[in-house]
Amino acid sequence: MALVVQKYGGTSVANAERINAVARRVLARQKKGDQLVVVLSARAGETDRLVKLGKEICSCPDPREMDVLLSTGEQTTIALFCIAVKAMGAEAVSMTGYQAGIITDGQFGQARISWIQTEPVMEHLQAGKIVVVAGFQGYDDNGNITTLGRGGSDTTAVALAAALHAGVCEIYTDVEGVFTADPNICPKARKLDKVSYEEMLEMASMGAKVLHLRSVEFGLNYNVPIMVLSSFTDAPGTLVSREDETMEKMVVSGITYNKSESRVTITNIPDQPGIAAKVFQPISAAKINVDLIVQGASGVPGRAHISFTVPGSSYDETIRILESVAHELGDCQVVGDPGIAKVSIIGVGMRSHSGVATKMFQTLAREGINIKMIATSEIKVSCIIDEKYTELAVRVLHDAFELDKEPVKTEYL
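This section reports on the structure supplied with the text.

Definitions and limits used
- Residues numbered from 1 in each chain as written.
- Predicted model: local features only at pLDDT ≥ 70, side-chain atom pairs only at ≥ 80, totals over all residues.
- Heavy atoms only, no water.
- Helix = DSSP H or I, 4+ residues; strand = E, 2+ residues; numbered from the N terminus.
- Buried < 20%, exposed > 50% of the residue type's maximum accessible area, 1.4 Å probe, protein only.
- Contact = heavy atoms within 4.5 Å.
- Pairing = 2+ DSSP bridges.
- Axes fitted to C-alpha atoms, helices over the stretch in contact; angles between N-to-C directions.
- Parallel < 35°, antiparallel > 145°, perpendicular 65-115°, else oblique.
- Left-handed = near helix turned anticlockwise from the far one by under 90°.
- Nonpolar A, V, L, I, M, F, W, Y, C, P; charged D, E, K, R; others polar.

Re the environment of Glu-387
So, step 1. With respect to the element layout, Glu-387 can be found in the loop between strand E18 (380-386) and helix H12 (390-400).
So, step 2. Looking at Glu-387, the relative accessible area reads 30%, which means it is partly exposed.
So, step 3. Separated by 129 residues in sequence, Glu-387 and Asn-258 place their C-alpha atoms 9.1 Å apart.
So, step 4. When residues no more than four places from it in sequence are discounted, the contact partners of Glu-387 are Lys-259, Gly-339, Ile-340 and Ala-341.

Brief notes about the sheet that holds strand E6 (residues 130-134)
So, step 1. The strand order across the open sheet built from eight strands is E3-E6-E2-E1-E9-E11-E12-E10, with neighbouring strands paired in mixed fashion. The open sheet has two free edges, formed respectively by strand E3 (92-95) and strand E10 (194-196), since each of these has just one partner strand. Neighbour-to-neighbour, the strand axes of the sheet open up by a mean angle of 20 degrees, direction not taken into account.
So, step 2. Bridge count for strand E2 (residues 35-40) against E6 is four bridges, and the pairing is parallel. Opposite Val-39, over in E6, you have Val-133 as the bridge partner.
So, step 3. Across the sheet, helix H1 (residues 16-31) lies against strand E1 (3-8), E2, E6, strand E9 (168-173) and strand E11 (226-230), angled at about 170 degrees from E1, the strand it touches most.

Examining the packing of helix H2 (residues 46-57) against helix H3 (residues 63-87)
So, step 1. Put simply, H2 and H3 touch, their axes get as near as 9 Å, and they point 150 degrees apart. Accordingly, the angle class assigned to the pair H2 and H3 is roughly antiparallel. As for the relative orientation of H2 and H3, their crossing is right-handed in sense. Of H3, the residues touching H2 (which contributes Glu-46, Thr-47, Leu-50, Val-51 and Gly-54) are Met-66, Leu-69, Leu-70, Thr-72, Gly-73 and Glu-74.
So, step 2. A breakdown of the residues in the contact of H2 with H3 according to their chemical character gives five nonpolar, four polar and two charged.

Some details on the sheet that holds strand E14 (residues 293-297)
So, step 1. The strand order across the open sheet formed by six strands is E14-E15-E13-E16-E18-E17, and the pairing between neighbours is antiparallel. A strand with exactly one partner marks an edge of an open sheet, and here the two such strands are E14 and strand E17 (373-377). Each strand of the sheet is rotated relative to its neighbour by a mean of 30 degrees, with strand direction disregarded.
So, step 2. As paired strands, strand E13 (residues 254-270) and strand E16 (residues 333-346) are joined by 11 bridges and run antiparallel to one another. Bridging from a neighbouring strand, Ile-266 pairs with Val-334 of E16.
So, step 3. Strand contacts of helix H6 (residues 197-205): E13, E16, E17 and E18, with the helix running at about 145 degrees to E16, the strand carrying the most contacts.

Right, dumping it as structure tokens:
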């Protein structure tokens, strides 16, 4: 008997028909002898509906009360699911984040799981029940309901798998696994059999929306195998696990993109110690996430430019903050560019192969795509380009690295 944690996303439980289909899938798994913990998201569109309700009352609703409101989406789903399972003659119990012992910090809207009291879940499992847990939520030390941010049900599932020492965490979604690129814009995209935690972390942070970033972090930290599968087919999925030799054979595993970023630049700042800190301190205080950062000489002795990217939703606020900083520093200008995108190539095989970045740059150059900024890590190269070239960049890079083919060892000279 294996203990398995399964998570189903919003599209998988969007209506009564799909809830019943998932219930049948879970019962078939239980009949094979496995113990099941099922983590469910709110039904598709429900969280957006609840956000809209809150903002109809107030344009800036209280964060604590919004978490109370948003958590009801998952609670509705787990109750409906348990009704379906019981109607099919099996035993199931629904549990909110509080009832399942999921303890978080007190950051409303973006809470992080601190630890999990596993006894309540284990008691029901030992009684032979399917345990159905509301994803996306927990509670803090003061007993307040908290939510984990959009996509947080993935994190709930992997964290529970880690705490319960489950054999695997299966993430069921509307795609059949992790692909070499977004199949919606790259018809040649190929499903990967395996991907390493490190690659998946980069993919998630660079724009791939298959898994929530923090869920992959939990998988890496606690060595939880994660299977990404479709809830609509029985096709084999993608295993996210520790790096092995087969993963290293593929120099580039995937191409990701993110159109939800903007670039801002503050020009002609004093080139001296402490200035960069002065620029970024108020941005950090506003809880704006900064991604790529480039500082360079301005052509004027003693002066420099700093360019960086922020989420598109934070663009206007970042510009206002920088204009205030520019005024304090004197003789500086703020320039914004909201029409940008980030395209990245990712692969653990980059560690042992040279010339990968050069091949990327040459490929983009042949298509007349100008690179505005570049960032690299051990297993990633990211380029900021004009947003209008995003789909073209993904397709030509996918072709250049032959990602539609099975991996073979290749040297890029």
